[in-house]
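The lines below spell out each chain.
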Amino acid sequence: MASPLDAAPAWRGPYRSYDIVKEVAICIAVVAALATLLTILFSSPDERPSTIAQWARVQPVDFLTTATAELDGSSDTAGYGPPYNHAATGQVIGPVQLQSWLGVSHPIDTAADYVLAPLATIPNDPLLRAQIARYLAASPAQRRAWTDAYTTALGRATAHGTAVLVSPAGAGPVAPMMASLLSLAQAGGLDGALLTSRQFYQTDYTKPLLFMADGSLLSDRAQAQHLLGEQWGMMNETGSYPGQVWLWLYTFWYQIKPFSTSDNADALVWALMMALSLAFVCIPFIPGVRSIPRWIPLYRLIWREHYRAQAS
Amino acid sequence: MSIGEAPRDRSWTARLRTRAEHALPPEKLLPDRQPAYVASWIYVFGALTIAALVCLVASGMVLGLKGPAWWHVTGIGRFFNGVHLWSVEIFFFTMVVHLWGKFWMGAWRGGRSLTWVAGAVTFLISIAAAFTGYLSQQNFDAQWISTQAKDGLNSVGIGAFFNVTNFGQMYTFHVILLPVAVVLLTAWHVLLVRRNGVVPPYVRALADERAVGEERA
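Rules and cut-offs
- Residues numbered from 1 in each chain as written.
- Chains lettered and ligands numbered in written order.
- Predicted model: local features only at pLDDT ≥ 70, side-chain atom pairs only at ≥ 80, totals over all residues.
- Helix = DSSP H or I, 4+ residues; strand = E, 2+ residues; numbered from the N terminus.
- Rg over C-alpha atoms; globule rule 2.2 N^0.38 Å.
- Buried ≥ 20, exposed ≤ 12 C-beta atoms within 10 Å, placed from the backbone.
- Contact = placed C-beta atoms within 7 Å.
- Domains from an automatic or database assignment.
- Nonpolar A, V, L, I, M, F, W, Y, C, P; charged D, E, K, R; others polar.
- Axes fitted to C-alpha atoms, helices over the stretch in contact; angles between N-to-C directions.
- Parallel < 35°, antiparallel > 145°, perpendicular 65-115°, else oblique.
- Left-handed = near helix turned anticlockwise from the far one by under 90°.
- pLDDT = per-residue confidence, 0-100.

### A few points about the overall build of chain A
No. 1: Regarding its fold elements, chain A presents 15 helices and 3 strands.
No. 2: Relative to the compact-globule value of 20 Å for 312 residues, chain A shows a C-alpha radius of gyration of 29 Å, a clear excess of over 25%.
No. 3: C-alpha extents for chain A along the principal axes are approximately 95 × 50 × 35 Å.
No. 4: Per-residue burial over chain A gives 33% buried out of 312 residues.
No. 5: Taking the contacts inside chain A whose residues are at least 6 apart along the sequence as the reference set, 56% of them involve residues at least 24 apart.

### A word on the overall build of chain B
No. 1: Scanning chain B from terminus to terminus reveals 9 helices and 1 strand.
No. 2: Helices and strands in chain B line up, N terminus first, as α-α-β-α-α-α-α-α-α-α.
No. 3: Looking at chain B as a whole, 44% of its 217 residues are labelled buried.
No. 4: For chain B, restricting intrachain contacts to residue pairs at least 6 apart in sequence, the fraction spanning at least 24 positions comes to 72%.

### Topic: the domain arrangement of chain B
Residues and elements named next belong to chain B.
No. 1: When the domains of chain B are assigned, the result is domain 1 (40-95) and domain 2 (106-198).
No. 2: Taking the mean C-alpha position of each, domain 1 and domain 2 sit 15 Å from one another.
No. 3: Listed as interface residues are 9 residues of domain 1 and, on the opposing side, 9 residues of domain 2.
No. 4: Counting residues per element, the ones that place at least two in the side of domain 1 that touches domain 2 are helix H3 (44-66) and helix H5 (75-105).
No. 5: Residue contributions to the side of domain 1 that touches domain 2 peak at 4 residues, all from H3.
No. 6: Residues belonging to the side of domain 1 that touches domain 2 are distributed by class as follows: 7 nonpolar, 2 polar and no charged.

### Quick notes on the interface of chain A and chain B
No. 1: Contacts between the two partners involve 85 residues from chain A, matched on the other side by 84 residues from chain B.
No. 2: Listing elements by their share of the side of chain A that touches chain B, those giving two or more residues are strand S1 (15-17), helix H1 (20-42), helix H9 (206-214), helix H10 (217-224), helix H12 (265-281), helix H13 (292-295), helix H14 (299-302) and helix H15 (304-311) of chain A.
No. 3: The element contributing the most residues to the side of chain A that touches chain B is H1(A), with 14 residues.
No. 4: Along the lines of polarity and charge, the residues of the side of chain A that touches chain B split into 50 nonpolar, 20 polar and 15 charged.

### Some words on H9(A)
Every α-helix carries 3.6 residues per turn, so stepping three or four residues along brings you back to the same face.
No. 1: Burial runs high along H9(A): 9 of the 9 residues are buried.
No. 2: Along H9(A), the positions that sit buried rather than exposed are Thr206(A), Lys207(A), Pro208(A), Leu209(A), Leu210(A), Phe211(A), Met212(A), Ala213(A) and Asp214(A).

### Things to note about the domain arrangement of chain A
No. 1: According to the domain assignment, chain A consists of domain 1 (4-43 + 285-311), domain 2 (52-224) and domain 3 (229-281).
No. 2: Centre-to-centre separation of domain 1 of chain A and domain 2 of chain A, based on C-alpha positions: 56 Å.

### What to know about unusual backbone geometry
Residue and element names in this part refer to chain A.
No. 1: Along the chain, Pro-82 connects to Pro-83 via a cis peptide bond; the corresponding omega equals 5°.
No. 2: As for its position among the elements, Pro-83 is in the loop between helix H3 (60-72) and helix H4 (110-120).
No. 3: With an omega of 5°, the peptide bond between Lys-257 and Pro-258 qualifies as cis.
No. 4: Among the structural elements, Pro-258 can be located in the loop between helix H11 (248-253) and H12.
No. 5: Positive phi, normally seen in glycine, also occurs at Asn-124, with a value near 55°.
No. 6: With respect to the helices and strands, the residue Asn-124 is situated in the loop between H4 and helix H5 (126-137).

### Let's talk about the environment of Trp104(B)
No. 1: For Trp104(B), the location among the structural elements is in helix H5.
No. 2: Residue class for Trp104(B) comes out partly exposed when judged on the 19 C-beta atoms lying within 10 Å of it.
No. 3: Excluding residues that lie within four positions of it along the chain, Trp104(B) makes contacts with Pro293(A), Leu298(A), Tyr299(A) and Ile302(A).

### Focus on the packing of H1(A) against H5(B)
No. 1: Where H1(A) meets H5(B), the axes come as close as 8 Å, and the angle between the chain directions of the two elements is 120°. Here H1(A) lies oblique to H5(B), going by the angle between them. Taken as a pair, H1(A) and H5(B) cross one another with a handedness that is right-handed. Across from Val31(A), Leu34(A), Ala35(A), Thr36(A), Leu38(A) and Thr39(A) in H1(A), the residues of H5(B) making contact are Phe79(B), Gly82(B), Val83(B), Trp86(B), Ser87(B) and Ile90(B).

### Considering the environment of Leu195(A)
No. 1: Relative to the helices and strands, Leu195(A) resides in helix H8 (residues 189-195).
No. 2: In the structure, Leu195(A) is positioned 102 residues away from Pro297(A) in sequence and 58 Å away in space, judged by C-alpha atoms.

### Topic: the confidence of the model for chain B
Caution applies to low-pLDDT regions: their predicted coordinates should not be interpreted in detail.
No. 1: Per-residue pLDDT for chain B averages 91, and the proportion of residues at 70 or more is 90%.
No. 2: With pTM at 0.91, the complex prediction returns an ipTM value of 0.92.

### Considering the environment of Ala7(A)
No. 1: Relative to the assigned elements, Ala7(A) resides in the segment before S1.
No. 2: Residue Ala7(A) is classed as partly exposed on the basis of its C-beta count, with 13 C-beta atoms lying within 10 Å.
No. 3: In sequence terms Ala7(A) and Leu278(A) are 271 residues apart; their C-alpha atoms lie 24 Å from each other.
No. 4: Here Ala7(A) is in contact with Arg109(B) and Val203(B), once residues within four sequence places are set aside.

What follows is the structure, given as structure tokens:
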């Protein structure tokens, strides 16, 4: 039951004239003018998006390393779990596994989707087809040995422009497969191949975005634009714009323990924010919290003229 | 019933009209007077929030009518995107000031709990609306935000049906579903304010002021 001190009896005192339509009209004019002025002064940010072709040209070694990880199933996406695959159970909140409750709704087979299927679209290359057939016919252990050897070789590789100098000893068919994939990507073919894998019209960028996110290009650009998680992440905007500052509390939890060091940080932060959001909505019904404004009487400032008039 | 007497209408329409007229008579819906205590700049921030909502919806409609890629390639498109962006920033700034003001007034008192709930839910839905806007930008910011935000949404199962890397789905949420929700919730919030009136001051403070006055006397 609410305290009688929180009561708000119907007002029986004096009234003053008020023009609600005029107030709203003036407010619209003021806000429109302010937004226009800010636009003239600061415009809006628009950093061009990254493409897989750009990634393959600017960071060819990183592209090849990521593509090899997609092929052998060691990339972040390959081991992600729901909603992309069954490689892991995902994050948990105590005994609750919300991440897996709706299963795999956006299936991604990283080897097939990012490497094998795009390579299969390259026409008139019987040597490449033979290498793919050799790879597919090999045992899982043999495939792993090839991809491990190629990944090791990439660690010593150097890029000269868009070309990569690598000594892929023991990499078997993986080396020529990846060389072909790099050429396809640098020509822009992989951007199209990942987008049009189902139909002509396409709005779902899940596959190319996750592929790029497994590499370094996006995170390198994000770091330069102060967008990484430890830089308060996505609440920031590219450039010096205010961004989504209203997400400060959500982003704040990622900066402190135990969230900053937990493998279940996302699930824990989301659970906490959902609980806080519910409490925020229910403030009028929470004893104690609903009385805070009475205990810390800032309302005296808001209604100072009223109290002054009443007291006199 | 005699000749010339109108039959007592028990239709749903008549009942709804009667109920609406009873809850919100014209003088409540469009008031030309307010209690004397409504005399602070803090009260303006509610109207400013609605004004910002009008500006961002109007600029968003221009952007939507020309398509999501228009603002990247034309100067006038970039201008309207700027107005849209800054209207959103003003919208959240004024809404947060309005929200804090209402909190310190204890604006839920006197049977106004639902007014607070409607406003608070509007704030949360607005965050989702703005978030999908950032995902619909078709630039690097949208790429980065989507690849980062997916982990949080996936971790609690929401990502299975709300895929932040699906531009088409996010654009639909941003230009139709969430704006309609924000506008309807705002309308509901305003109607509740008009029906219940602005919360009066705490009575305890008045008693304290009188006590201080008596001591001085």
